[in-house]
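# Structural characterization, general
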Amino acid sequence: MSSHFATIRWFASPGEDFAKGQYSRAHSWNFDGLTNVAASASPHIVPMPWANPNAVDPEEAFVASVSSCHMLFFLDFARRAGVVVTGYDDEAEGAMEKGSDGKTRITRITLRPKIVFGGEAPDGAVLDELHHKAHEACFIANSITSEIVVEPR
């Protein structure tokens, strides 16, 4: 149907010892040749100074992509249902754990959307249905095995 591209760039810095694992994990992500995003390994995984805590790490990006995809579908389904949304704020969280096979993975993503409505807010059943439809339609959610939970705030 379509292809999506990202360019990831990393360069060794002078004076680092690659063979000893003493090298920066900072790199960049480029999307569509236009937007550069500072990226790094998570400082929870790679100790300082070899990680950049001010950059996006792959785990954060994974959680953000699930949240963003859910939001975009939620907004579309709300619009189609005649529900006016004027704000959407999600403090999403990904839990990383070891699986039964011993491999570490993000096992659960919790979305905590706080939605501002222009006019009367829909009742809980309508809101639940909009979130359910968004989850079912989300390309990212359909691509992963992590559990995704939506807890509206």
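This is a predicted model, so every value here is computed, not measured.

## What to know about the overall build of the protein
- The helix and strand tally for the protein stands at 2 helices and 8 strands.
- Element order for the protein, N to C, with α for helix and β for strand: β-β-β-α-β-β-β-β-α-β.
- A compact globule built from 153 residues should have a C-alpha radius of gyration of about 15 Å, whereas the protein, at 19 Å, is more than 25% larger.
- Principal-axis analysis of the C-alpha atoms places the extent of the protein at approximately 60 × 40 × 30 Å.
- For the protein, buried positions account for 30% of its 153 residues.
- Sequence separation of at least 24 residues holds for 51% of the intrachain contacts in the protein that already meet a minimum separation of 6.
- A total accessible area of about 9900 Å² is found for the protein, and carbon and sulfur atoms account for 54% of it.

## Some remarks on unusual backbone geometry
- With an omega of 10 degrees, the peptide bond running from Met48 to Pro49 counts as cis.
- Looking at the secondary structure, you find Pro49 in the loop between strand S3 (35–39) and helix H1 (58–80).
- At Asp32, a position not held by glycine, the phi torsion is positive, near 55 degrees.
- Assignment of secondary structure puts Asp32 in the loop between strand S2 (27–31) and S3.

Conventions adopted
Residues numbered from 1 in each chain as written. Predicted model: local features only at pLDDT ≥ 70, side-chain atom pairs only at ≥ 80, totals over all residues. Heavy atoms only, no water. Helix = DSSP H or I, 4+ residues; strand = E, 2+ residues; numbered from the N terminus. Rg over C-alpha atoms; globule rule 2.2 N^0.38 Å. Buried < 20%, exposed > 50% of the residue type's maximum accessible area, 1.4 Å probe, protein only. Contact = heavy atoms within 4.5 Å. Areas by Shrake-Rupley, 256 points an atom, 1.4 Å probe, with all protein chains shown as cover.

By themselves these figures say nothing about function.
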